[in-house]
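As a plain string of letters, each chain reads:
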2 protein chains.
Amino acid sequence: MSIGQAAQRSGCTVATVRHYEDEGLLKAIGRAPNGRRVYGWPDIHRLRFVRRCRDLGFSVDDVRSLLGATDAPSPDCLAVRDMAVAHMKRLRVMRAEIDALEQSLSSLANTCNEACAIGRSPACTIVEDLGATASG
Amino acid sequence: MSIGQAAQRSGCTVATVRHYEDEGLLKAIGRAPNGRRVYGWPDIHRLRFVRRCRDLGFSVDDVRSLLGATDAPSPDCLAVRDMAVAHMKRLRVMRAEIDALEQSLSSLANTCNEACAIGRSPACTIVEDLGATASG
DNA sequence: GTGCATCCTCAGGTAACATGAGGATCAAGC
DNA sequence: GCTTGATCCTCATGTTACCTGAGGATGCAC
């Protein structure tokens, strides 16, 4: 298969496929006599694996580790699970941060909504509030 | 004030303060005869404003706009509010994505937890599941 | 005057690709 | 056989918001 087909079948862009190769995530990719890359189904599966892991939010470095765990003669599924669990922790932290940001923004917006309900009011403190170094 | 003091009082690093200047977020910063930057309280307030907006998740470009709205003779608080509301939308999208990721990871981890409850089992499909191009 | 802290200006690194330049090759149609 | 458009190649640079370090000047304390 050409890189274009590989990209299509793996859900990557052509540039991304080349990038993953540069990053060493793929096993040696063959070359046709004309110099073009040639992909087989195992390569496609590997690309899909990488793509899916990235979609799940794992970093390329994480994916490298995940591939290491799955490349072993008998895949180390416990290691994979642990990375999944670790990633869930990060996600929970991110969500907490997002929730806090939304809170702050919401109260900021409300400041203005109340003060400027009728029209723009000089009593609106949204700008000052934005500058105030509060908890957050 | 020196850049070090300005950094400390605004909650930025020295490098960040220089960076914001490069980005044009600060008004002309004075220089001492020895070439060092000199900051006044208005500069500190501005830095704090920028820092707080960044902490709230606005991009530097957003901050530029926010500064534009607040620099006006009479600050355009409605514009500020609108940007806050727009940003809240983005945050909600991000949270939805995070929730979805957590779901997927959770079900992945459960796959392994169940199959490998006693010990590592060849029946565990976590690796295959990771490779499967599912909805997500 | 001897350190150590702080400052200066570049330049390059980070993450994960996207985009474009400049050029070769392929497949299809005439 | 030739043109045309799609695809491929490599290499370089852009993106975001800074961080880090090189190499050197200055300031302050003892």
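Residues numbered from 1 in each chain as written. Chains lettered and ligands numbered in written order. Predicted model: local features only at pLDDT ≥ 70, side-chain atom pairs only at ≥ 80, totals over all residues. Heavy atoms only, no water.

Asker: Mind showing me how you'd approach the overall build of chain A here?
Answerer: When helices and strands are tallied, chain A shows six helices and two strands. When the elements of chain A are put in sequence order from the N terminus, they spell out α-α-β-β-α-α-α-α. For chain A, the C-alpha atoms occupy an extent of roughly 75 × 40 × 20 Å along the three principal directions. Looking at chain A as a whole, 38% of its 136 residues are labelled buried. Sequence-distant contacts in chain A: of pairs separated by 6 or more residues, those separated by 24 or more amount to 40%. On chain A, roughly 7300 Å² of surface is accessible, and the fraction owed to carbon and sulfur atoms is 52%. Charged side chains in chain A number 18 positive and 16 negative. The centres of these two groups are separated by 10 Å. (Helix = DSSP H or I, 4+ residues; strand = E, 2+ residues; numbered from the N terminus. Buried < 20%, exposed > 50% of the residue type's maximum accessible area, 1.4 Å probe, protein only. Contact = heavy atoms within 4.5 Å. Areas by Shrake-Rupley, 256 points an atom, 1.4 Å probe, with all protein chains shown as cover. Lys, Arg positive; Asp, Glu negative; His and termini not counted. Charge placed at Lys NZ, Arg CZ, Asp CG, Glu CD.)

Asker: Explanation requested: the pattern of salt bridges in the structure shown.
Answerer: Two side chains with opposite charge may pair up if their charged atoms get near one another. In the structure shown here, the tally under the stated rule is 20 salt bridges over all chains. In this structure, the salt-bridge partner of A:Asp55 is A:Arg51, at a minimum N-O distance of 3.2 Å. On the criterion of helical spacing, the pair formed by A:Asp55 and A:Arg51 is a turn pair, its members being four residues apart in helix H3 (residues 41-55). Judged by relative accessible area, which is 38%, A:Asp55 ranks as partly exposed. Between A:Arg95 and B:Asp99 there is a salt bridge; the shortest N-O distance is 2.7 Å. Taken together, the residues A:Arg95 in helix H5 (residues 77-115) and B:Asp99 in helix H5 (residues 77-115) connect one chain to another. (Salt bridge = Lys/Arg side-chain N within 4 Å of Asp/Glu carboxyl O.)

Asker: What exactly am I supposed to notice about the relation of the copies chain A and chain B here?
Answerer: Two chain copies here: they are related by a rotation about an axis and a translation along the same axis. Overlaying chain A on chain B yields an RMSD of 0.1 Å, the required transformation being a rotation through 180 degrees with an accompanying axial translation of 0.0 Å. The two molecules are tied by a two-fold rotation axis, judged by turn and shift. For chain A, the smallest separation between a C-alpha atom and the rotation axis is recorded for A:Arg95, amounting to 3.1 Å. When the interface residues of chain A are mapped onto chain B, 100% of them again lie at the interface, so the same face is used by both copies. (Least-squares fit on C-alpha atoms with pLDDT ≥ 70 in both.)

Asker: Please clarify how the environment of A:Pro42 should be interpreted in this entry.
Answerer: Within the secondary structure, A:Pro42 sits in helix H3. Placed 15 residues apart in sequence, A:Pro42 and A:Lys27 show a C-alpha to C-alpha distance of 9.4 Å.

Asker: Mind showing me how you'd approach helix H3 (residues 41-55) of chain B here?
Answerer: Because an α-helix completes one turn every 3.6 residues, residues spaced three or four positions apart along the sequence face the same direction. Taking 1.5 Å per residue as the helical rise, H3(B) with its 15 residues ought to reach 21 Å, and the 21 Å between its terminal C-alpha atoms agrees with that figure. Considered for burial, the residues of H3(B) that qualify are B:Asp43, B:Ile44, B:Arg46, B:Leu47, B:Phe49, B:Val50, B:Arg52 and B:Cys53. As for H3(B), its buried residues are in contact with helix H6 (126-131) of chain A together with helix H1 (3-10), helix H2 (14-22), strand S2 (37-38) and helix H4 (60-71) of chain B. A positive phi of about 100 degrees marks B:Gly57, the residue just after H3(B). (Expected span 1.5 Å × (residues − 1).)

Asker: I tried to follow the protein's contact with DNA strand D on my own but got confused; where do I start?
Answerer: In the neighbourhood of DNA strand D, 20 residues make up the surrounding shell, with A:Gly4, A:Arg18, B:Thr13, B:Thr16 and B:Arg54 lying closest. Within 4 Å of the protein, atoms of DNA strand D come from sugar and phosphate in 83% of cases. Take A:Arg36: an N or O atom from its side chain is 3.1 Å from a base oxygen of DNA strand D. In the model, a phosphate oxygen of DNA strand D is placed 2.6 Å from a nitrogen or oxygen of the B:Thr16 side chain. Broken down by element, the surface near DNA strand D gets its largest block of residues, four residues, from H2(B). Across the surface near DNA strand D, the residue classes tally to five nonpolar, eight polar and seven charged. (Near = heavy atom within 4 Å. Polar contact = N/O pair within 3.5 Å; in protein donor to acceptor, adjacent residues only side chain to side chain. Nonpolar A, V, L, I, M, F, W, Y, C, P; charged D, E, K, R; others polar.)

Asker: Where do I start with the protein's contact with DNA strand C in this structure?
Answerer: In the vicinity of DNA strand C lie 20 residues, with A:Thr13, A:Thr16, A:Arg54, B:Gly4 and B:Arg18 positioned nearest. Here DNA strand C approaches the protein such that, of its atoms within 4 Å, sugar and phosphate make up 85%. Taking A:Arg51, its side chain carries an N or O atom lying 3.5 Å from a phosphate oxygen of DNA strand C. Elements that contribute at least two residues to the surface near DNA strand C include exactly helix H2 (14-22) and H3 of chain A together with H1 and H2 of chain B. Among the elements that make up the surface near DNA strand C, the one with the highest residue count is H2(A) (four residues).

Asker: Please explain the interface of chain A and chain B as it appears in this structure.
Answerer: By a widely used convention, the size of an interface equals the accessible area lost when the partners come together. Of the residues lining the interface, 46 residues belong to chain A; the matching set on chain B comes to 46 residues. Interface area, chain A with chain B, both sides summed: about 4200 Å², of which 73% is carbon and sulfur. Three residues stand out in chain A for area buried against chain B, namely A:Arg52, A:Leu105 and A:Leu130, and they jointly supply 16% of the buried area on that side. In this structure, B:Glu102 engages A:Arg92 in a salt bridge whose closest nitrogen and oxygen atoms are separated by 3.1 Å. Connecting chain A to chain B are eight residue pairs in polar contact (both at pLDDT 80 or more). (Buried area = accessible area lost by both parts, 1.4 Å probe.)

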